[in-house]
Amino acid sequence: MTPPRARTWGRRGHTPVIRVRGRSRRRTSVAALCCYKSGKPSRLIHRPRTHPLLKGARRSFSWQDYRDLLVRAHIQLGGPIVVVWDNLNTHLAAGLKRYEAEHDWLTTIHLPPYAPDLNPVEALWSLVRRAMANTAFDTPDDLDRTLRRELRRIQLRPHLINGCLTATGLTLTPPTPP
């Protein structure tokens, strides 16, 4: 619930102070896929999830959650999918690799070990954080509502999703051999 900070228009020497209540008893995670296909508008498929901060409870997405996101994307896109993963340990889990091997509609490629500049989703999170900067949320539900609204706003603007791909320097068309 700690809000991200950004520049303000306060008077010089008078820093605005926003009081934030105590910590929440839950955590929100979001997984997203930026979907690109030549000749079609870009799409964003996301899945927010709230995790209770209980002792022994999982605090992030499991490989089953990523599998479910891929199944949902396959249904929505209606065709084979090529997924470019970063090297998050959950993306490398044995269960997810087994699932990938069992389904011919799913092809996976892994980015180099540390390459956030090649991942379009990182630029997407930058857009979301920028829109939510300097906001103190009253409740976890307020945070969830704002997060979903910002993701929906990006979904409705394919040029923003295209901009995320452009920021990486990658293209959809493979280079022609000499």
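Treat the numbers as computed from the prediction; the structure is a model and nothing was measured.

**Student:** Would you mind showing me how to read the environment of Gln 76 here?
**Tutor:** Considering the arrangement of structural elements, one finds Gln 76 in helix α1 (residues 63-77). Take Gln 76: its relative accessible area is 37%, and that puts it in the partly exposed class. For Gln 76 and Ile 45, which are 31 residues apart along the polypeptide, the C-alpha to C-alpha distance reads 8.8 Å.

**Student:** Would you explain the side chain of Thr 90 in this entry?
**Tutor:** Structurally, Thr 90 is set in the loop between β3 (81-85) and α2 (94-102). Only 3.3 Å separates the side chain of Thr 90 from the side chain of Asn 89, close enough to count as a polar contact. Apart from the residues lying within four places of it in its own chain, the contact partners of Thr 90 are Arg 58, Phe 61, Ser 62, Trp 63, Tyr 66 and Leu 96.

**Student:** How should I be thinking about the packing of helix α4 (residues 140-155) against helix α5 (residues 158-168) in this particular structure?
**Tutor:** Helix-helix packing: each pair is described by the crossing angle between the helix axes and the interaxial distance. Packing of α4 against α5 leaves a shortest axis separation of 6 Å and a crossing angle of 90 degrees. Here α4 lies roughly perpendicular to α5, going by the angle between them. Between α4 and α5, the contacting residues are Arg 153, Ile 154 and Gln 155 on the first element and Pro 158, Leu 160 and Ile 161 on the second. A breakdown of the residues in the contact of α4 with α5 according to their chemical character gives four nonpolar, one polar and one charged.

**Student:** Explain the packing of aromatic side chains to me, please; I cannot follow it from the model alone.
**Tutor:** Within the structure shown, the criterion is met by three aromatic pairs. Centre to centre, the rings of Phe 61 and Tyr 66 are 5.5 Å apart; their planes meet at 45 degrees, and the pair counts as tilted. By the burial criterion, Phe 61 is buried, and Tyr 66 matches it. Look at Tyr 99 and Trp 105: their rings are 6.4 Å apart centre to centre, the planes differ by 75 degrees, and that puts the pair in the edge-to-face class. Take Tyr 99: its relative accessible area is 12%, and that puts it in the buried class. Taken together, the ring pairs in this structure connect Phe 61, Tyr 66 and Trp 85 into an aromatic cluster.

Rules of the game
- Residues numbered from 1 in each chain as written.
- Predicted model: local features only at pLDDT ≥ 70, side-chain atom pairs only at ≥ 80, totals over all residues.
- Heavy atoms only, no water.
- Helix = DSSP H or I, 4+ residues; strand = E, 2+ residues; numbered from the N terminus.
- Buried < 20%, exposed > 50% of the residue type's maximum accessible area, 1.4 Å probe, protein only.
- Polar contact = N/O pair within 3.5 Å; in protein donor to acceptor, adjacent residues only side chain to side chain.
- Contact = heavy atoms within 4.5 Å.
- Axes fitted to C-alpha atoms, helices over the stretch in contact; angles between N-to-C directions.
- Parallel < 35°, antiparallel > 145°, perpendicular 65-115°, else oblique.
- Nonpolar A, V, L, I, M, F, W, Y, C, P; charged D, E, K, R; others polar.
- Phe/Tyr/Trp six-rings, centres within 6.5 Å; stacked < 30°, edge-to-face > 60°.

Spatial relationships are all this shows, so hold off on functional conclusions.
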